[in-house]
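Structural features, examined
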Amino acid sequence: MRPLYYLLFFVWGAYPLFGLLFKGAPIIGTALYASSIIVISSLYLACSFLSKNPIKPNAFFIVIITSYSAFFFMTLFYYGYSNIVAEAIKFTAFVLPAFAASIVPKKDRFLVFFSTALSALTAAGILLSIFVFVIGRSDDGRFGSLESFHPNVVSFYLAISFFASLATSTTKRITKRLCTSLILLSLLLLSSKTTVVSIVICLVLTALLQNKESLKKKLGSLFLTISVLSVVGLISFYVFLSDYLSEYTAIGDGKLIYTLTGRTIIWDALFDGGYLNYIGHGISVYDIYGPQPFGNIIYSTHNELLNQIFSFGVFGGIFCLTYYITAYRWSFKTNKILSTPFFTYIIIYSLIRSIVESPQYEFNYPLIIFSLLSACVTFKQRRPTPKIQGINLENPIRP
């Protein structure tokens, strides 16, 4: 199972670091990252297919991958990108590892496969957390670097690592608590308000949905969770980020707050300017074709559904809704077989975050996490019927 560990660790930990290490030559960094991802994913695919009894990708997941790739290449050629080859390579580096991670090498070792995935995501989060502390404060008072290690981007990766750390059960309890605390502290220092609020709401909702205890105990656990998170958050914010918070609330007499840091202005410009059409403009081109109501360049619509519609038109909107509805249904189905609410964490967090954030190539519910989810669903559907002393438990009459 080590190939999966290296694949996920590299995919989840390398992208923010490549931006940091090659901030003076971003084109070289992107080329090295994309080529490395393609090579590692190809090697993993080869190892998976050569193993005995692999679980092949879920059929609906193949439809998702194929549809998204078709949308991309149609808009790529329709709008005539200046560098088609470069864009195709970057997109392949995004899709290929997700397709690779949907294949389980051995059918009877899925739980080991899933445990390895959680460990890799946690390790990637620890690596990113270390760099958060090494880089220190940026110009706006937050930790990270606005040019090459952006707090909002890194927080996206750390949030998934945080949930993986909560869900993993392969490490000792003290080690698990240390890893989870380190990643959580890094998230607070990066001060992505959307990420922090989404995580808190996600933990509260998951506790209420998953907890089978009485209402009184649920409310008690909820109160304790909110109290602990509030104390830790307040200490972290006011010890490390008081200057940033003071500046944020003062700019424009609080205008940043009631416009959600300018997001409502972007959405108004999208609708008023007629930027949403039937066919879309293509992936990762908002900075070229989208409205720019501020002085700085904006790279997305800051809303998942609007971003997919802007990129792929009507088909993008239908695809986005289908993607999230499927992820929601599958996430709750897999909790029993895995004995962990990991996928429930991710879907609730993603749905909340998708209201105000939209990554360029990625989804708020990451495609590679969706591929692991599809593998879990496939494993559940294809589990062989257990036999005891030659008796088929599905039909005891026949040996």
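Placed above this text is the structure.
Residues numbered from 1 in each chain as written. Predicted model: local features only at pLDDT ≥ 70, side-chain atom pairs only at ≥ 80, totals over all residues. Heavy atoms only, no water.

Let's shift gears to the overall build of the protein. In terms of helices and strands, the protein carries 17 helices and two strands. Across the protein, the fraction of contacts at a sequence separation of at least 24, relative to all contacts at a separation of at least 6, is 75%. Carbon and sulfur atoms make up 66% of the accessible area of the protein, which amounts to about 19,500 Å² in all. (Helix = DSSP H or I, 4+ residues; strand = E, 2+ residues; numbered from the N terminus. Contact = heavy atoms within 4.5 Å. Areas by Shrake-Rupley, 256 points an atom, 1.4 Å probe, with all protein chains shown as cover.)

Right, let's get into the pattern of salt bridges. Considering all chains together, one arrives at two salt bridges under this definition. With a shortest N-O distance of 3.4 Å, lysine 90 and glutamate 87 are connected by a salt bridge. Highlighted residues: lysine 90 and glutamate 87, both in helix α4 (residues 84–101), separated by three residues, approximately one helical turn. Judged by its relative accessible area of 29%, lysine 90 falls in the partly exposed class. (Salt bridge = Lys/Arg side-chain N within 4 Å of Asp/Glu carboxyl O. Buried < 20%, exposed > 50% of the residue type's maximum accessible area, 1.4 Å probe, protein only.)

So, about empty space enclosed by the protein. Applying the stated criterion to the full structure yields one cavity of 30 Å³ or more. The wall of the largest cavity is formed by Gly282, Ile283, Ser284, Val285, Tyr286, Tyr299, Ser300, Asn307, Phe310, Ser311 and Gln360. Sort the elements by how many residues they give to the lining of the largest cavity and helix α14 (residues 304–333) lands first, with three residues. Tallied by class, the residues present in the lining of the largest cavity amount to five nonpolar, six polar and no charged. (1 Å grid on protein atoms, 1.4 Å probe; cavity = no way out; pocket = protein on both sides within 12 Å on 5 of 7 lines; lining within 4 Å. Points joined across faces, edges and corners; volume = space filled by probe spheres on them. Nonpolar A, V, L, I, M, F, W, Y, C, P; charged D, E, K, R; others polar.)

Another point: the nonpolar core. If you look at the biggest cluster of nonpolar residues, it comprises 94 residues, and the most contacted ones within it are Phe163, Phe342, Phe343, Tyr365 and Ile369. When residues of this core are assigned to their parent elements, the largest contribution, eleven residues, is made by helix α5 (residues 110–135). Not counting residues within four places of it along the chain, the set of residues in contact with phenylalanine 343 comprises Phe114, Ser331, Thr334, Leu338, Tyr365, Ile369, Leu372, Leu373 and Cys376. (Core = buried A, V, L, I, M, F, W, Y, C linked by side-chain atoms within 4.5 Å.)

Before going further, it helps to spend a moment on the side chain of serine 358. Tracing the sequence through the fold places serine 358 in the loop between α16 (342–353) and α17 (367–382). A polar contact of 3.3 Å, which involves the side chain of serine 358, links it to the backbone nitrogen of asparagine 303. With residues up to four places along the chain from it excluded, the contact list for serine 358 reads Ser300, Thr301, His302, Asn303, Glu304, Asn307 and Asn364. (Polar contact = N/O pair within 3.5 Å; in protein donor to acceptor, adjacent residues only side chain to side chain.)

Given a rise of 1.5 Å per residue, 25 residues ought to cover 36 Å, and the 36 Å separating the end C-alpha atoms of helix α2 (residues 26–50) matches this to within 8%. Residues of α2 that are buried include every one of Gly29, Tyr33, Ala34, Ile37, Ser41, Tyr44, Leu45 and Ser48, and no others. Elements in contact with the buried residues of α2: α1 (2–21), α4 and α5. (Expected span 1.5 Å × (residues − 1).)

Bringing the environment of leucine 305 into the picture now. Positionally, leucine 305 belongs in helix α14. With sequence-adjacent residues up to four places away left out, leucine 305 is seen in contact with Gly317, Cys320 and Leu321.

Glancing now at the packing of α14 against α16. Contact geometry of α14 with α16 gives a least axis separation of 8 Å together with a crossing angle of 150°. Here α16 runs roughly antiparallel to α14, going by the angle between their axes. Crossing angle aside, the handedness with which α14 passes α16 is left-handed. Between α14 and α16, the contacting residues are Tyr324, Ala327, Tyr328, Ser331 and Phe332 on the first element and Phe343, Thr344, Ile347, Ser350 and Leu351 on the second. Within the contact of α14 with α16, the residues separate by chemical class into seven nonpolar, three polar and no charged. (Axes fitted to C-alpha atoms, helices over the stretch in contact; angles between N-to-C directions. Parallel < 35°, antiparallel > 145°, perpendicular 65-115°, else oblique. Left-handed = near helix turned anticlockwise from the far one by under 90°.)

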